Amino acid sequence: MKNKLKFSLLLMILMLIPTCVFAASIEIGSAKNEDGKASWSVVYKGDKLSTGDVFNLNAYGNDNGMVTCSVTYSSPLLETGAVAADKEVPSSGLTIGTLKCETTSTENQPGSVGIKGTLKTASGTVDLNMSPKTYTVNAQRKKSSDAKLKTITVSQGTMTPEFKSDKFEYTVYNLKDTINSIRITWTCDYCTGASSNAHAEKKGNNSINFSELAKGNNDIELEITSEDGSNKETYKLTVIRGETEYNSAKVSSLSFGDSNLIPEFKEDTLEGYTVSVPNDVKDISKIASVVLKDPEAKYEFIGGDNLSIGANEVELKVTSVLGDNEVSYKITVTRLNSDNITLVSYKDNQITFIDADKAEQTLSAEEFEKAYPNVWKDIQSGKYKFDENGKLIENKTEKKSNKKVIVIIIVLVVGVIVIGLSGYFIFRKKDPEKEKEKIKKKAMKKARKDELKKLEEEYYKEYYNEDYEDGEEYENESEDESEDESEEVEEETPEEETEEIPSRSKKNKEQSLLEDDYIFEQSLLEEENEESEENTKTKKKEDVVDVDTALEDLMNTKTYDFSDEFEDLDK
């Protein structure tokens, strides 16, 4: 009997042990309750939590559905409610989450709020049901200070750009000319809106009707005020009635100065254009005139900022003001050579020529005139001639130009030589003393020659007993006498003595006189050479400024006219 009692007592003790080990509870802490929302901290009271323990909690509100609640876990629990690490629980409890409740009522709403759930541990599962308690969820929220709209819509037309609450300017277009009114509707949180525009009639709390729209642009303002009146925002709308080019990416007109665009520009024709520009045009944008449909649109030339000689593919790209539309026009720009062209033909108002790159090109007379105005003037003046088939048959300009260049060069060279020699002989300085000495020497030379002539006469008279008349006659007689003497010598016998021929003595004396005369003339030549060298040295020492000045004066006073020579060459 006693054993049975002991067994029963032990069994009861064992049954009570799990209850003591898993003793735990859930409580709700202090509340935050305003603007129709309330929240409480969820507090766990119990034994130490171990890694791997899991909470499974659910919140509930009142039965009529006006109050709804939920529980979210917080540290030291994971989002799943699991315990991340061993955690001691203080006697005041451990906050493991938040209970959130919200009412849909416009008035303060009382209701039953509670939590039920379990705590699963390695030793078992414990119920954590909290008895329902009645709490009041405050529905009297704080007034809003937000004055920004959530949406704006228009009854007709297209509004751009896309609405954003912090963007305050918009454009409404694509309204037919027959439409003269528009309704603007908006949404916001607890705000109010109005407009100061004339003909604005409010329709409800968030809609205004604008009537009597003028053709073209109409500016409308929406003045939005926050619920508490502390903030205001103004949204501006430009409503365009009738046809408009707003947000267009097309070009109204396109031109390139004096260069013709072929064919004539049309806004809907996007390719096939050609234009020839002068050689000095390297950037097509410098001479381009672009008129856009929408002045607010933007454009750029792609491939037109560094034109090469010949054909260049250029693209005119236009982007609409909103950036949502692009249109590209394709143009072939031919940059011409400035010189070294060779004309080939001129027929049917078309001029064919070969440029500096040896490429053959054909331009209309109008285009050629703009690209090569100087050559065009020569064609018009008749300097270039073409046959009945338009082929070039003569280029007088080139021939005449070459002749003129040659003549001018020759004339200049001759002129410089003449001017230099003239200056030398006109402005060279002479030494009077040396001139006297030179004259004296010339006189002495003449006297010497006279003396020689006199000696010859005396010699002739002495040997021939005749007066000396002519040197040439004397010379001939001497030759005859010499021949006679030669014959006589041949007739005589070798044994006979020959007398000395007087003429031989005469010739010896004459030879001596001639040698003396030669020596005298050589001395005179040497003196003249020395004098010439002396004059040259003196000339170098003279002041050069006088000669240069004289040459400049000569150039300034002398005029050369070559017109006659040029006329002869042309003929």
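As shown above, the structure is provided for reference.
Described below are features of the structure shown in this document. (Residues numbered from 1 in each chain as written. Predicted model: local features only at pLDDT ≥ 70, side-chain atom pairs only at ≥ 80, totals over all residues. Heavy atoms only, no water.)

### Considerations on the packing of aromatic side chains
Think of a pair of aromatic rings as described by two things: how far the centres are apart, and how the planes are tilted against each other in angle. Evaluated as defined, the whole model comprises twelve aromatic pairs. Between phenylalanine 163 and tyrosine 235, the aromatic rings sit 6.2 Å apart at their centres with planes inclined by 35°, giving tilted as the arrangement. Of this pair, phenylalanine 163 sits in the loop between β10 (158-160) and β11 (169-175) while tyrosine 235 sits in strand β17 (residues 232-241); the two residues are 72 residues apart in sequence, bridging distant segments of the chain. By relative accessible area, which is 0% here, tyrosine 235 ends up buried. On the numbers, 5.5 Å between centres and 65° between planes, the contact of phenylalanine 353 with phenylalanine 368 is edge-to-face. You can see phenylalanine 353 sitting in strand β25 (residues 350-354) and its partner phenylalanine 368 sitting in helix α2 (residues 365-371), a full 15 residues away along the chain. Given the relative accessible area of 0%, phenylalanine 353 is considered buried. Using a relative accessible area of 0% as the deciding quantity, one classes phenylalanine 368 as buried. Grouped by ring-pair contacts, the aromatic residues Phe163, Phe168, Tyr170 and Tyr235 constitute a single cluster. (Phe/Tyr/Trp six-rings, centres within 6.5 Å; stacked < 30°, edge-to-face > 60°. Helix = DSSP H or I, 4+ residues; strand = E, 2+ residues; numbered from the N terminus. Buried < 20%, exposed > 50% of the residue type's maximum accessible area, 1.4 Å probe, protein only.)

### Some points on the pattern of salt bridges
The full count for this structure, using the stated rule, is eight salt bridges. A salt bridge links aspartate 177 to lysine 215, with the shortest nitrogen-to-oxygen separation between them at 3.4 Å. One end of the pair, aspartate 177, is in the loop between β11 and β12 (182-187); the other, lysine 215, is in the loop between β15 (207-210) and β16 (216-225), and 38 residues separate them in sequence. What makes lysine 215 exposed here is its relative accessible area of 59%. Between lysine 317 and glutamate 326 there is a salt bridge, and its shortest N-O distance comes to 3.7 Å. (Salt bridge = Lys/Arg side-chain N within 4 Å of Asp/Glu carboxyl O.)

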